[in-house]
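As a plain string of letters, each chain reads:
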Amino acid sequence: MAHAWSLRHRSCTVHLVRGAIYREFNGPITVQELPDPLLPDDGVLIEVRASGLCRSDLFAWHGHDRDISLPHVPGHEFAGVVAGVGAGVARWSVGDRVTAPFCCGCGACDQCDAGNEQICDNYFQPGFTHWGAFARLCAIPHADTNLAELPEELSFEHGAILGCRMITAYRALVERARLVSGEWLAVHGCGGLGLCMVMIGAAVGARVVAVDIDEDALALARAAGAVSAVTADPDNGRATVGAVRDATAGGAHVSVDALGNAEVAANSIRSLRKQGRHVQAGLVARRATALPIATVVAKELEVLGTKGMSARRYPALMELIRASRIDLSLLVQRTMGLGDLPEAFEAMERFGGSGVAVVNDF
């Protein structure tokens, strides 16, 4: 990982920035002074103003992401201000308010040429393949491909949410599942990603049923636009599926696992009506995941994967947020300092709290 190392360390004078780091999987997360990242020739340095804590960060901390090398600085959904610009950058200047998707492209491969930077053959993921945004500075290469302007009307805290959960929800439902007005959408798991799914679904006119074991999460989902809520039974998937099918008049047109769990994914598929579409948005650990393939065949279901979204698609998402008056403040349930991250990781492990926690004090 020579490229990753070059972004982490200088061979000349080293400046230091505060950042959160772990040196072993499942090990202590500490806040300390770290070498600032190098400025890529085709990239930018971003002074991070807000960075959201996501279950993908927890997934990575547990060692489930092969791209991570230790020691590691997590953090992959963020917003901030351009603090340095490489010589090869044409579109951005120091002081610009920006955000970026967690799945960045090289701008030159076949996938990027087709507009699918989120599955770039030479992908770059801050907080995964490279050190991330739980630090004062974050380096983003290929800036002309990967940055998106953050409108003045959006706060840095709300802009941070866009970089993973909201773009994932938009692409999953609008571009992958082709969700349209009037269809039934079942959202299994109403944490930060699930709430974004509820918001996007409601914004396009779908009838959204929220599914979760936590009543506070379901209350937030209702506030975000769900027309119905199902309290999931963790010990009886059949009962959960039956309740969702009842709530969606025989089965959802689109159903999504927004948690990342083998049983939840199976429940999502079983909740569909014939020719329905399941979207797997939550990350599932490396172990094999048993899906009800017989049901997929018998009902002619579609099983779709989704992975973030290209920066070039941000204007369409921004317009939907504006036109539908999506209230992103419902998502940000807690702001905190960098020093609060260790406790926040532990709370996420316990499924403690609702909504999204955002670091905005570095």
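Residue positions within a chain follow its written sequence, with the count starting from 1. Per-residue local features of the predicted model are confined to residues with pLDDT of at least 70, and side-chain atom pairs are confined, for both listing and counting, to 80 or more; whole-chain, interface and lining totals are unaffected and use all residues. Note that water and hydrogens are dropped before the side-chain values are worked out from all heavy atoms of the structure.

1. A closer look at the environment of Arg273
Definition in use: Per the convention used, a helix needs a DSSP run of H or I reaching at least four residues, while a strand needs a run of E reaching at least two, with both numbered from the N terminus. When a residue's accessible area, from a 1.4 Å probe over protein chains only, is under 20% of the maximum for its type it is buried; when over 50% it is exposed; and in between it is partly exposed. Only heavy atoms matter for contacts: two residues are in contact if any of them lie within 4.5 Å across the pair. Polar contacts here mean pairs of N or O atoms no more than 3.5 Å apart (in protein, one a potential hydrogen donor and the other a potential acceptor; neighbouring residues in sequence count only if both atoms are side-chain atoms).
With respect to the helices and strands, Arg273 occurs in strand β12 (residues 272-280). Residue Arg273 is classed as partly exposed on the basis of its relative accessible area of 23%. Between the alpha carbons of Arg273 and Gly250 there is a distance of 6.4 Å; along the sequence they are 23 residues apart. When neighbours within four sequence positions are excluded, Arg273 is seen to be in contact with Trp184, Arg245, Thr248, Ala249, Gly250, Gly251, Ala252, His253 and Leu301. Of the polar contacts made by the side chain of Arg273, one reaches the backbone oxygen of Gly251; its length is 2.5 Å.

2. Some words on the packing of helix α5 (residues 156-176) against helix α11 (residues 314-324)
We count it as follows: Lines are fitted to the C-alpha atoms to define the axes, a helix being fitted only along its stretch in contact, and any angle between axes, read from their N-to-C directions, falls within 0 to 180 degrees. When describing relative orientation, an angle under 35 degrees is termed roughly parallel and one over 145 degrees roughly antiparallel, while 65 to 115 degrees is termed roughly perpendicular and anything else oblique.
One can describe the packing of α5 onto α11 by two numbers: an axis separation of 11 Å at closest approach and a directional angle of 85°. The angle between α5 and α11 places the two elements in the roughly perpendicular class. Taken together, the residues of α11 that come into contact with α5 (itself represented by Leu162, Gly163, Met166, Ile167 and Tyr170) are Tyr314, Ala316, Leu317, Met318, Leu320 and Ile321.

3. Here we look at the side chain of His278
Among the secondary structure elements, His278 is positioned in strand β12. By relative accessible area, which is 0% here, His278 ends up buried. Side chain to side chain, His278 and Ser268 meet in a polar contact 2.8 Å long. With sequence-adjacent residues up to four places away left out, His278 is seen in contact with Ser255, Asp257, Ala265, Ser268, Ile269, Leu272, Glu302, Val303 and Leu304.

4. Overview of the sheet that holds strand β11 (residues 252-257)
Sheet strands pair via backbone hydrogen bonds, and the direction of the pair is either parallel or antiparallel. Basically, it comes down to this: Strands are treated as partners if at least two bridges between them are detected by DSSP.
Taken in spatial order, the six strands line up as β10-β9-β8-β11-β12-β13 in an open sheet, and their pairing is parallel. Among the strands making up the open sheet, the edge pair consists of β10 (228-231) and β13 (302-305). With direction set aside, neighbouring strand axes in the sheet form an average angle of 20°. Inspection of the sheet shows strand β8 (residues 184-188) paired to strand β9 (residues 207-212) by five bridges, in the parallel sense. Bridge pairing links Trp184 to Arg207 in β9. Here helix α9 (residues 262-270) sits on the sheet and contacts β8, β11, β12 and β13; the angle it forms with β12, its principal contact strand, is near 150°.

5. Observations regarding α11
Three- or four-residue spacings in an α-helix give side chains the same orientation, since the helix completes a turn every 3.6 residues. Basically, it comes down to this: Of all possible arcs, the one meant is that of the directions from the helix axis to the C-beta atoms.
Taken together, the buried positions of α11 are occupied by Tyr314, Leu317, Met318, Leu320 and Ile321. Looking straight down α11, one finds its buried side chains confined to an arc of 160°; they lie on one side. Exposed side chains of α11 directed beyond 90 degrees from the buried face belong to Pro315 and Arg322.

6. Some points on the pairing of β9
Stated precisely, the cut-off is as follows: The definition of a right-handed crossover adopted here requires that, viewed with the strands pointing away, the path from the first strand over the helix to the second runs clockwise.
Counting buried residues along β9, five of its six residues qualify, which places the element largely inside the surrounding structure. As for the winding sense of the linkage, the β-α-β connection from β8 through helix α6 (residues 192-203) to β9 is right-handed. Taken together, the four bridges between β9 and β10 define a ladder with parallel strand orientation. Bridging from a neighbouring strand, Asp212 pairs with Thr231 of β10. Running through helix α7 (residues 215-224), the crossover from β9 to the neighbouring parallel element β10 is right-handed.

7. A closer look at the side chain of Ser51
Mapping Ser51 onto the fold places it in strand β3 (residues 44-53). Overall, the relative accessible area of 0% leaves Ser51 in the buried class. Polar side-chain contacts of Ser51 include one of 3.4 Å to the backbone oxygen of Glu77. Among the polar contacts made by the side chain of Ser51, one reaches the main-chain carbonyl oxygen of Ala133 at a distance of 3.4 Å.

8. Concerning the nonpolar core
Quick note on the threshold: Only buried Ala, Val, Leu, Ile, Met, Phe, Trp, Tyr and Cys residues count toward a nonpolar core, and they belong to the same one when joined by side-chain atoms within 4.5 Å.
Counting 95 residues, the largest nonpolar core has Leu147, Met166 and Met197 as its most contacted members. For this core, the element with the highest residue contribution is α5, accounting for eleven residues. Look past the residues within four positions of Met166 in its chain and what remains in contact with it is Ile161, Cys196, Met199, Ile200, Leu317, Ile321, Leu328 and Leu331. In terms of nonpolar packing, the next biggest core, distinct from the first, is built from twelve residues, Val211, Ala232, Val244 and Val296 among them.

Function-wise, these values are silent; they only describe arrangement.
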